[in-house]
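# Commentary on secondary and tertiary structure
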Amino acid sequence: MLYPTTCIFEGTTLNYGRGTYFPFSIVGAPKLKGKYSFSFTPVGIKGMSETPLYMNEVCYGIDLRKTDVNELLREKKINIKLIKELYAAYPDKKEFFDYTISKEIGNVDFRTGDAKFRQQIIDNVPEEEMRKSWEPALGNYKR
């Protein structure tokens, strides 16, 4: 249930639980130390994630394992607030979406369909305005 939201983090410099037994349910990075109290340390796990981003480094961030799944089912939306919050907290904005840093980071533009989402996060566009901007294409897709 968390994957539609947390898969977007594959296109950021954040570890999204790879190298733990909780992939796509925790998210963080070493540079978020002092911003969040929750921490985890990704390690190589044979057959799962052998070379995770920030392997053997303490990452600080958010634990989503106690998220109310019923609320997710009711809302039927990705959690934009989460990526907006983590982007705002991240000290090196130029690095946040830079997939050239590591082969473990993907391209967020590919994951979201175009560069508009990334730019909206960078520009701190309000969530409702972001969602409205998706409507024409989303409506076409649904049809």
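The following paragraphs examine the structure supplied in this document. (Residues numbered from 1 in each chain as written. Predicted model: local features only at pLDDT ≥ 70, side-chain atom pairs only at ≥ 80, totals over all residues. Heavy atoms only, no water.)

Before going further, it helps to examine the nonpolar core. In terms of nonpolar packing, the biggest core is built from 34 residues, with Phe9, Leu14, Leu32, Ile83, Leu86 and Ile121 touching the most fellow members. Looking at this core, the elements with two or more residues in it are strand 1 (26-29), strand 3 (59-63), helix 3 (80-89) and helix 6 (116-122). Among the elements that take part in this core, helix 3 stands out by supplying 6 residues, more than any other. (Core = buried A, V, L, I, M, F, W, Y, C linked by side-chain atoms within 4.5 Å. Buried < 20%, exposed > 50% of the residue type's maximum accessible area, 1.4 Å probe, protein only. Helix = DSSP H or I, 4+ residues; strand = E, 2+ residues; numbered from the N terminus.)

Any aromatic ring pair is given by two values, namely how distant the centres are and how the planes are angled relative to each other. Tallying each qualifying case throughout the model produces 8 aromatic pairs. Seen in terms of ring centroids, Phe38 and Phe40 are 5.9 Å apart; in terms of plane orientation they differ by 35°. Their pairing is tilted. Counting every residue linked through ring pairs, the aromatic cluster contains Tyr87, Tyr90, Phe96 and Phe97. Its end group placed over the ring of Tyr87, Lys93 keeps NZ or CZ at 5.2 Å from the ring centre. (Phe/Tyr/Trp six-rings, centres within 6.5 Å; stacked < 30°, edge-to-face > 60°. Lys NZ or Arg CZ within 6 Å of the ring centre and 35° of its normal.)

Once that is clear, we can look at helix 3. Within helix 3, 7 of the 10 residues are buried, which leaves the element mostly enclosed by the surrounding structure. Residues of helix 3 that are buried include every one of Ile80, Leu82, Ile83, Lys84, Leu86, Tyr87 and Ala89, and no others.

Our next topic: a nonpolar patch on the surface. Together, Met1, Val69 and Leu73 make up a nonpolar patch on the protein surface, roughly 280 Å² of accessible area in all. You can see Val69 is positioned in helix 2 (residues 69-75). (Patch = residues over 30% accessible without salt bridge, like charges linked within 9 Å, V, L, I, M, F, W, Y side chains within 5 Å. Areas by Shrake-Rupley, 256 points an atom, 1.4 Å probe, with all protein chains shown as cover. Salt bridge = Lys/Arg side-chain N within 4 Å of Asp/Glu carboxyl O.)

Among the 5 residues that make up strand 3, 4 are buried, leaving the element largely enclosed by the rest of the structure. Where strand 2 (residues 38-40) lies against strand 3, 3 bridges are found, and the strand directions are antiparallel. When the sheet's bridge partners are listed, Phe40 is paired in strand 3 with Cys59. (Pairing = 2+ DSSP bridges.)

Right, let's talk about the sheet that holds strand 1 for a bit. Read from one edge of the open sheet, 3 strands run 1-3-2, paired in antiparallel fashion. Whereas interior strands pair on both sides, the edge strands pair on one side only; in this sheet they are strand 1 and strand 2. Averaged over all pairs of adjacent strands, the angle between their axes in this sheet comes to 45°, without regard to strand direction. Direction of pairing for strand 1 relative to strand 3: antiparallel, over a ladder of 4 bridges. The partner of Ala29 across the bridge, within strand 3, is Tyr60. (Axes fitted to C-alpha atoms, helices over the stretch in contact; angles between N-to-C directions.)

The backbone of Phe24 shows a phi angle near 65°, a positive value even though the residue is not glycine. Its location among the elements puts Phe24 in the loop between helix 1 (3-6) and strand 1. Here Asn56, not a glycine, exhibits a phi torsion of approximately 65°, which is positive. We classify Asn56 as exposed; its relative accessible area is 56%.

Following both chains from N to C, one finds helix 3 and helix 7 (residues 127-142) inclined at 125°, their axes separated by 10 Å at the closest point. In this view, helix 3 runs oblique relative to helix 7, as classed from their interaxial angle. The chirality of how helix 3 crosses helix 7 is right-handed. Contacts between helix 3 and helix 7 involve Ile80, Lys81 and Lys84 from the first element and Glu127, Met130, Arg131 and Trp134 from the second. Class assignment for the residues of the contact of helix 3 with helix 7 results in 3 nonpolar, no polar and 4 charged. (Parallel < 35°, antiparallel > 145°, perpendicular 65-115°, else oblique. Left-handed = near helix turned anticlockwise from the far one by under 90°. Contact = heavy atoms within 4.5 Å. Nonpolar A, V, L, I, M, F, W, Y, C, P; charged D, E, K, R; others polar.)

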